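So you can see what is in the structure, the chains are spelled out below.
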Amino acid sequence: MKQNVLLGAPGAGKGTLSQKLMSVLPLKHISTGDLLRQEISNKSQLGCEISEIISKGQLVDDDCVVRLILANTDLNSNTYLFDGFPRTLAQAKLLDEKIFEKKSSLIVYLKADLDFLKKRILNRRTCSGRECGEIYNLVSKPSAIDGICDLCGSILEIRKDDNPTTVNSRFKIFEENIDELLSYYKCSNRLLELDAQSNLDDFVINFKNKSMNCS
Ligand code: ADP
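Described below are features of the structure shown in this document.

Basis of the calculations
- Residues numbered from 1 in each chain as written.
- Predicted model: local features only at pLDDT ≥ 70, side-chain atom pairs only at ≥ 80, totals over all residues.
- Heavy atoms only, no water.
- Near = heavy atom within 4 Å.
- Polar contact = N/O pair within 3.5 Å; in protein donor to acceptor, adjacent residues only side chain to side chain.
- Areas by Shrake-Rupley, 256 points an atom, 1.4 Å probe, with all protein chains shown as cover.
- Helix = DSSP H or I, 4+ residues; strand = E, 2+ residues; numbered from the N terminus.
- Nonpolar A, V, L, I, M, F, W, Y, C, P; charged D, E, K, R; others polar.
- Buried < 20%, exposed > 50% of the residue type's maximum accessible area, 1.4 Å probe, protein only.
- Arc of directions from axis to C-beta.
- Contact = heavy atoms within 4.5 Å.
- Salt bridge = Lys/Arg side-chain N within 4 Å of Asp/Glu carboxyl O.
- Phe/Tyr/Trp six-rings, centres within 6.5 Å; stacked < 30°, edge-to-face > 60°.
- Pairing = 2+ DSSP bridges.
- Axes fitted to C-alpha atoms, helices over the stretch in contact; angles between N-to-C directions.

**A few points about the site of the ligand**
The local shell around the ligand holds 19 residues, among which Thr32, Gln58, Arg87, Gln91 and Arg170 are the closest. In the environment of the ligand, a nitrogen atom lies 2.9 Å from a nitrogen or oxygen atom belonging to the side chain of glutamine 91. The contact in question runs from an oxygen atom of the ligand to an N or O atom on the side chain of arginine 170, over 2.7 Å. Protein chains bury 97% of the 540 Å² of accessible surface belonging to the ligand in isolation. Sorting elements by how many residues they give to the shell around the ligand places helix H2 (residues 32-41) first, with 4 residues. Grouping the constituent residues of the shell around the ligand by class yields 7 nonpolar, 5 polar and 7 charged.

**Remarks on helix H1 (residues 14-24)**
The complete set of buried residues in H1 reads Lys14, Leu17, Ser18 and Leu21. Looking down the long axis of H1, one finds its buried residues gathered within 105° of arc, a one-sided arrangement. Structural note: H1 exposes Gln19 and Ser23 on the side pointing more than 90 degrees away from its buried face. Elements in contact with the buried residues of H1: strand S1 (3-8), strand S2 (27-31), strand S3 (79-83), strand S4 (105-111), strand S8 (191-195) and helix H8 (200-212).

**Comments concerning the pattern of salt bridges**
On inspection of all chains with the given rule, the structure shows 12 salt bridges. The salt bridge involving arginine 37 is made with aspartate 34; its shortest N-O contact spans 2.9 Å. Here arginine 37 pairs with aspartate 34, and both are found in helix H2, just 3 residues apart, close to one helical turn. Residue classification places arginine 37 among the partly exposed residues on the basis of a relative accessible area of 26%. Exposure remark for aspartate 34: the relative accessible area of 41% places this residue in the partly exposed category. Aspartate 162 is the salt-bridge partner of arginine 170, the closest N and O atoms lying 3.1 Å from each other. Like aspartate 162, arginine 170 is buried. Several salt bridges converge on common partners, so that one network encompasses Arg124, Arg159, Asp161, Asp162 and Arg170.

**Some points on the side chain of serine 105**
The topology assignment puts serine 105 in strand S4. A distance of 3.0 Å separates a polar atom in the side chain of serine 105 from a polar atom in the side chain of arginine 190. Among all residues touching serine 105, those that are not within four sequence positions of it are Lys2, Gln3, Phe100 and Arg190.

**Here's the deal with the packing of aromatic side chains**
In total, this model carries 4 aromatic pairs according to the counting rule given. With a centroid separation of 6.0 Å and 55° between ring planes, the pair formed by tyrosine 80 and phenylalanine 82 is classed as tilted. The exposure class assigned to tyrosine 80 is buried, which follows from its relative accessible area of 4%. Judged by relative accessible area, phenylalanine 82 falls into the buried class, the value being 1%. Centroid distance tyrosine 184 to tyrosine 185: 5.2 Å. Interplanar angle 65°. Geometry classified as edge-to-face. The exposure class of tyrosine 184 is partly exposed, given its relative accessible area of 22%.

**Section: the sheet that holds strand S7 (residues 156-157)**
With antiparallel pairing, 3 strands are arranged side by side in an open sheet as S6-S5-S7. Since the sheet does not close on itself, it has two edges, and those belong to strand S6 (135-137) and S7, each with one partner. Relative to S7, strand S5 (residues 124-127) runs antiparallel, the two being bridged by 2 bridges. Counted as the bridge partner of cysteine 127 is leucine 156 from S7.

**Quick word on the sheet that holds S4**
Overall, parallel pairing links the 5 strands, which are arranged S2-S3-S1-S4-S8 in an open sheet. The open sheet has two edge strands, S2 and S8, and neither has a second partner. Ignoring which end each strand starts from, the neighbouring axes of this sheet average 20° apart.

**Thoughts on the environment of valine 204**
Its location among the elements puts valine 204 in helix H8. Considered as a pair, valine 204 and leucine 21 are 183 residues apart in the sequence and their alpha carbons are 6.1 Å apart. Non-local contacts of valine 204, meaning those with residues more than four positions away in its chain, are made with Lys20, Leu21 and Val24.

In structure tokens form, the structure reads like this:
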């Protein structure tokens with residue numbers, strides 16, 4: 001099976017698509033945003049160093065992110081779905097050279113309207129339960145009881161970086177980098193594009209065939 005990458009703007013639905021893909025293939029989900037937030041909540045040295053960068057919506061240094069990924073993956077035993085990495089052309093090259101090495105890979109780009117996503121993100125609420133992390137939306141997916149997770153009963157939080165200033169910075173970085181990234185992957189014939197409004201279930205079948213075809 002191929003290693004896999006999910007590209008998309010903040011709030012495009014990468015988490016939801018990841019869950020669907022993992023229901024049909026034995027993939028391990030690896031989100032650099034989650035790994036970095038974990039470091040902050042563990043109050044590790046790295047966590048203290050990156051906390052301000054994340055709260056401003058800027059990018060953490062490439063070396064830190066690569067080291068964190070290497071420490072949390074074993075590509076010889078597992079097949080992964082990378083979510084949130086790469087975000088720049090430099091990171092895409094690092095991913096190929098230092099992490100994938102010679103392993104074949106498939107890249108999915110989840111395309112969506114950026115103005116719509118900005119609004120969606122400001123309505124996002126995330127379960128604070130350590131093992132849960134279910135994502136809600138005040139408009140499109142509210143919890144049954146306001147502010148409480150339907151699944152585990154924990155309190156729902158607004159992610160610290162889901163505020164208008166930080167959201168603008170995250171989208172700016174996305175817009176500055178996405179075209180270069182897509183060109184890089186198009187050239188190597190690894191790119192599958194998907195409209196976030198389209199039928200995800202149809203896409204999942206197509207993805208499954210392509211991911212299992214290692215030629
Ligand atoms: P989103 O995609 O909604 O912006 P993530 O959870 O993927 O959220 O990332 C949150 C933050 O973590 C980013 O704004 C950035 O500060 C940091 N981050 C995540 N992935 C990377 C990465 N690949 N390189 C640098 N910083 C990253």
